[in-house]
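Report on the structure
Listed below are the residues making up each chain.
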Amino acid sequence: MTTAGPVALDRSAPPAPSPVTARHALREATRAVHTRLHTHPVLGAVQAGTIDIACYRALLTRLYGFHLPFETAAGIGPERSLWLADDMRALGLTEQAIAALPLCPSLPRLDTPYRRLGALYVVEGSTLGGRELSKRLDHLFGRDDRAGRCFFSGRDADTGKAWRAFADALDAAGEDGAARAGMIAAAVETFASFENWLDWKAVTDAGR
């Protein structure tokens, strides 16, 4: 009677793939619109460090018109809208002019915690590149002055820490399939709303 020898491991089999995180799923679902926004003429001028003061002021007014109603819809305290208001005051806009700015009328439905998380992925993610974009405004404001670019400076040195905490919450919530689907849908819809509101013609019209 013979006994079987040790079973050989099949080392040719590929390793099991790591579970896809909610963050990765959101990044893939929004990749196309994110890429388009990188080619937006005004945002591109900020990136290139060539934006003029009139165009920059117009950009701030459109950003404010999106973020103020977004914060209300998402049920979060004002933050980005306050930064933007500070920036516009630094550029000479009065309180009356700021109060009269048009607001984005079309925002996604944010009636569940998961949809709110998906929408917040869009605005929280935008802070990551903001500090670098802030440096591209040195030609308008000098090297060290935060005035006029609070929005792009964001949370300064705390930006990375805040993003990591948010991303961990995102991945934890996204372990549930239905929750992840809601997050992705809201993120895609929020990007679409932002892209439409930041239409090139709308920005240039705002600067006239």
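Before reading further, recall that the structure is shown in the block above.
All values reported here derive from a predicted model rather than from experimental measurement.

1. Brief notes about helix H7 (residues 113-126)
- Taking 1.5 Å per residue, 14 residues should reach 20 Å; H7 reaches 20 Å between its end C-alpha atoms and fits that length.
- Bending of H7 peaks at approximately 30° at the position of Leu120.
- Listed as buried for H7 are Arg115, Leu117, Gly118, Ala119, Leu120, Tyr121, Val122, Val123 and Glu124.
- At its buried positions, H7 is contacted by helix H1 (22-29), helix H4 (53-74), helix H5 (80-90), helix H11 (159-173) and helix H12 (177-197).

2. So, the nonpolar core
- Residues Ile51, Tyr56, Leu59, Leu63, Phe70, Tyr121 and Phe152 are the most contacted members of the largest nonpolar core, which totals 53 residues.
- In terms of residue count, the dominant contributor to this core is H4 (9 residues).
- Non-local contacts of Phe152, meaning those with residues more than four positions away in its chain, are made with Tyr56, Leu59, Leu63, Gly130, Arg131, Leu133, Ser134 and Leu137.

3. Details of the packing of H4 against H7
- One can describe the packing of H4 onto H7 by two numbers: an axis separation of 11 Å at closest approach and a directional angle of 155°. As judged from the angle between their axes, H4 and H7 are roughly antiparallel. Seen from above, H4 lies across H7 with left-handed handedness. Residues Phe66, His67, Phe70 and Ala74 of H4 touch H7, and the partners they reach there are Arg116, Ala119, Leu120 and Val123.
- Grouping the constituent residues of the contact of H4 with H7 by class yields 6 nonpolar, 1 polar and 1 charged.

What counts and what doesn't
Residues numbered from 1 in each chain as written. Predicted model: local features only at pLDDT ≥ 70, side-chain atom pairs only at ≥ 80, totals over all residues. Heavy atoms only, no water. Helix = DSSP H or I, 4+ residues; strand = E, 2+ residues; numbered from the N terminus. Expected span 1.5 Å × (residues − 1). Bend = angle between axes of the 7 residues up to and from the residue. Buried < 20%, exposed > 50% of the residue type's maximum accessible area, 1.4 Å probe, protein only. Contact = heavy atoms within 4.5 Å. Core = buried A, V, L, I, M, F, W, Y, C linked by side-chain atoms within 4.5 Å. Axes fitted to C-alpha atoms, helices over the stretch in contact; angles between N-to-C directions. Parallel < 35°, antiparallel > 145°, perpendicular 65-115°, else oblique. Left-handed = near helix turned anticlockwise from the far one by under 90°. Nonpolar A, V, L, I, M, F, W, Y, C, P; charged D, E, K, R; others polar.

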